[in-house]
Amino acid sequence: MTDTPGPLPPEALRWVFEPAGALPIDGGKLSKETFIGQERAERALAFGLRMSSNEFNLYVSGPPGTGKYTMCRSYCERLACENPVPDSIAFVHNFADSDRPVWLTFPAGAACGFRDDMDALLAELREVIPKTFEGEAHEEARKKIVEEIHGRQRETLNALEETAREAGFGIQMTQSGMNVTPLIDGEPATPEGFEKLPEAERKRYEENRITLAGPISDFVKETRTLEREVRSRMRELDKEIALLAVRGPVDELREKYGENEKTLSYLNMVEEHILGHLADFQHPDEQPQTAAAMMMRPPKDENPFRVYEVSVVVDNSGLKCAPVVYESNPNFNNLFGRIERRAHFGTYTTDFTLVRAGSMIQASGGFMILNALDVLTNPGVWPALKRAIRTRCVRIEDLGETFGWSQGTIKPEPVPVNVKVILMGSPMIYYLLLRHDEDFGKLFKVKADFSSDIKRTPESLRDFRAFIDFHRLEDGLLPFGERAVARVLEASARLVADQARLSAQFGELRELLLEADHWAREEGAGEVEEKHVTRAEDEKRFRANLLDERLRDQIVVGKVFIVVVGAVAVHIKGVAVLRVGGFCFGKPSRITARTFMGDRGVINIERESKLSGNIHDKGVLILQGYLGATYALARPLALSASITFEQNYGGVDGDSASSTELYALLSSLAELPIRQGLAVTGSVNQRGEIQPIGGVNEKIEGFFEVCREMGALTGEQGVLIPHQNVKNLMLRDEVIEAVREGKFGIYPIRTVDEGISVLTGVDAGERDPGTGAFPEGSVHGLVAAKLERMYEDLRRLGKKKDDDEEDAEE
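Residues numbered from 1 in each chain as written. Predicted model: local features only at pLDDT ≥ 70, side-chain atom pairs only at ≥ 80, totals over all residues. Heavy atoms only, no water.

(A) Spatial organisation of the overall build of the chain. Across its full length, the chain carries 29 helices and 30 strands. Compactness check: the chain gives a C-alpha radius of gyration of 48 Å against a globular reference of 28 Å for 810 residues, more than 25% above the reference. With the principal axes as the frame, the chain shows a C-alpha extent of 160 × 90 × 50 Å. If you take every contact in the chain between residues at least 6 apart in sequence, the share linking residues at least 24 apart comes to 76%. Accessible surface, the chain as shown: approximately 40500 Å² in total, 50% of it carbon and sulfur. Of note, the chain has its 100 positive side-chain charges centred 2 Å away from the centre of its 129 negative side-chain charges. (Helix = DSSP H or I, 4+ residues; strand = E, 2+ residues; numbered from the N terminus. Rg over C-alpha atoms; globule rule 2.2 N^0.38 Å. Contact = heavy atoms within 4.5 Å. Areas by Shrake-Rupley, 256 points an atom, 1.4 Å probe, with all protein chains shown as cover. Lys, Arg positive; Asp, Glu negative; His and termini not counted. Charge placed at Lys NZ, Arg CZ, Asp CG, Glu CD.)

(B) A look at the environment of Leu 376. Turning to its location among the elements, Leu 376 is positioned in helix α13 (residues 372–377). Once the C-alpha coordinates of Leu 376 and Asn 331 are considered, the two residues, 45 residues apart in sequence, prove to be 9.7 Å apart. Apart from the residues lying within four places of it in its own chain, the contact partners of Leu 376 are Trp 382, Ile 429 and Leu 433.

(C) Main features of the packing of aromatic side chains. Evaluation of the coordinates by the stated rule reveals 25 aromatic pairs. Aromatic pair Trp 382 and Phe 440: ring centres 6.3 Å apart, planes at 45°, arrangement tilted. In this pair, Trp 382 sits in helix α14 (residues 381–391) while Phe 440 sits in helix α17 (residues 440–443), placing the two residues 58 residues apart along the sequence. Among the aromatic residues, ring-to-ring pairing joins Phe 95, Phe 106, Phe 114, Tyr 257, Tyr 266, Phe 281, Phe 305 and Tyr 308 into one connected group. The ring of Trp 103 is capped by Lys 262, whose NZ or CZ atom sits 3.4 Å from the centre of that ring. (Phe/Tyr/Trp six-rings, centres within 6.5 Å; stacked < 30°, edge-to-face > 60°. Lys NZ or Arg CZ within 6 Å of the ring centre and 35° of its normal.)

(D) Region of the structure containing unusual backbone geometry. You will see that Val 570, though not glycine, has its phi angle at about 65°, which is positive. Its location among the elements puts Val 570 in the loop between β20 (567–569) and β21 (571–580). With relative accessibility at 7%, the residue Val 570 sits in the buried group. Of note, the phi angle at Lys 610 is positive, near 60°, even though the residue is not glycine. With respect to the helices and strands, Lys 610 occurs in the loop between α23 (605–608) and α24 (614–631). Assessed through its relative accessible area of 75%, Lys 610 is described here as exposed. (Buried < 20%, exposed > 50% of the residue type's maximum accessible area, 1.4 Å probe, protein only.)

(E) Looking closely at the side chain of Ser 640. Within the element layout of this structure, Ser 640 appears in strand β24 (residues 640–645). What makes Ser 640 buried here is its relative accessible area of 3%. At 3.3 Å, the side chain of Ser 640 and the backbone nitrogen of Asp 599 are in polar contact. At 3.1 Å, the side chain of Ser 640 and the backbone nitrogen of Arg 600 are in polar contact. Each residue touching Ser 640, except ones within four places of it in the same chain, is listed here: Arg 594, Thr 595, Phe 596, Met 597, Gly 598, Asp 599, Arg 600 and Gly 601. (Polar contact = N/O pair within 3.5 Å; in protein donor to acceptor, adjacent residues only side chain to side chain.)

(F) The arrangement of a nonpolar patch on the surface in detail. Nonpolar side chains collect at one region of the surface, where Met 597, Leu 794 and Leu 797 lie side by side and expose about 230 Å² of accessible area between them. Relative to the assigned elements, Met 597 resides in the loop between β22 (583–596) and β23 (601–604). Classification of Met 597 as partly exposed rests on a relative accessible area of 33%. (Patch = residues over 30% accessible without salt bridge, like charges linked within 9 Å, V, L, I, M, F, W, Y side chains within 5 Å. Salt bridge = Lys/Arg side-chain N within 4 Å of Asp/Glu carboxyl O.)

(G) Seen up close, the side chain of Asn 604. Residue position: Asn 604 is located in strand β23. Residue classification places Asn 604 among the buried residues on the basis of a relative accessible area of 5%. At 3.4 Å, the side chain of Asn 604 and the side chain of Ser 612 are in polar contact. With residues up to four places along the chain from it excluded, the contact list for Asn 604 reads Ser 612, His 616, Asp 617, Val 620 and Ile 643.

In structure tokens, the structure reads:
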């Protein structure tokens, strides 16, 4: 005799929290640094964030709303307080290669001081240098150099004139150059006089003119040498005089920033460049002012003093500890920096003053938090991020440069960075990266897993009460009464469908608190009560259940065939869970089975019409295994059967209806009617054991609402569920009330025998150990008898066919 389970009592259908004496009134203290039930993630974060190696970056995995960002940010800020404020960074002109700006580092905030000092230096020199050259000493020295060079040039010219005179020529210097004229009787000859000379005399003059070519060439060379010398000596003189004005202010900066060798080297180059470009300081106002003149000038010379500017890209003066940066939009420019351009009469130019640092440089010395999906979907970001982590430096460049598209721009010196990177994302992204990116496992060695649920313990209950109080104060909510707190805790258990666990998706719980507060204020209440939390749940469900309501209406009006009263053979109801966005609801479906003589086994109509998923196909094949193991020990199954979900046009998957399909087959074979007021869910194995499923609350409530809408809550209605799912029950109040009034029932089922006994009202029957037969009149007995008759009929038909074929051959 099979033990037939009865319906569950109302107390088993929901965990109800009794607050009296269970929690302190204040619930303990909670702050932003306190996290509930995430010990594994906490330990992983503490380990990964303290590891100094650049390979031990973190991937934080878990569902949304579990506090991943809040916990990461909190831990990072806590550790950041133990680390010093990193240096500030500035870009300056590279006097050796203007297309490759260099960076300088300074203590936090000192970069701006260096920039101001350089601005002050430039302003001082632009005022002092012109005055220095206005002194009498400078003019006397220049005059002395000019006179000396002129004297030497005069001596060279005199020697040339003497040589020319001996050859019969005179030297005349004009604005257009040097003229060599023949002399007749010591006087310059006219063209007419020279023509009157005898031919031999003219020939001698020509020969002598040729001999003067060498001395004249030497004179020209000497003159040019003297001109270069005068310019060189003038420059040296200017440098010597300007050095008196430049050396003092620059030495002050050298003394102030002497601890940084790179800064000292830069100051030396600044001094050398100033002394080599004194003309820019001597004539500061002699700049072309017309548009035409400016267009004719090279763009890089529009401001000759820009090369002395300092572009501070990271200041850090406002920090008290290491930085913690969350980049919400990690595109290439935001993360790694960019090079801006300025328009100059129809063209675009750039220089080191237009270099901008990205978040990676700003986070150097601290922590960078990124969303994994955003990083992977922004072009070029993921390869550049791996490169920055691996090389510990960031190259500021245009995105096109990373793909080899040269854009003729500057190439700033790569900036060294020391950043701990935390990626936040889903488990699926983590495993995809781990499988398909060989660098990922080397650079992100620490995984911090956030759970979506936590165990219900006195400590976690206390923490949840503290969570409610914390957000009441943080968001300015009304006080929550004892029963309201209890209702929130019960809602948390419903979110994870487990009476022994609570949800760790605190984002959703916070939304519930805000909505309950809203409805309490709408009523003018002084505190949030249980009814306000319940209304918040109901209103949220109502806003999302339009499709659920439309599908239910189709059943009520008879367009979808669902019967919830009486008993009919081969018809049974399964319940599926549909998800629309974040809303889940149960939808009953009618499943029918037909059995007939044959040897094709169980035919899955959904599979034949390509509407069945792999898991559902597996569940149907398991049915055949069960039937064979139960009824084909002595003879083969002479069975053909078909199973289908009636009015199913969208496909089906999952094995939670496999027990339902088996019950339909047994009903057809035993020719026993099934109670139509009962719906079934649960998968089955080949031993006939009922296995747990998901979405049990939605399935029960979905069928309950159909029965209620059809006006058929008579006590015959209910749902058969796997007994393992009893602990997952967190049903709504109206379902529990109907159970309490005897109008609806929830039946925990362990085996197929229990389920078929409840559905048909007939004992399933147990096999006799001696004879191996099932009791006559039991479900299994009826099925076995039907299968035996089908086998005998099939064998008889087969024998008759063979006899007919033999007669035909004779």
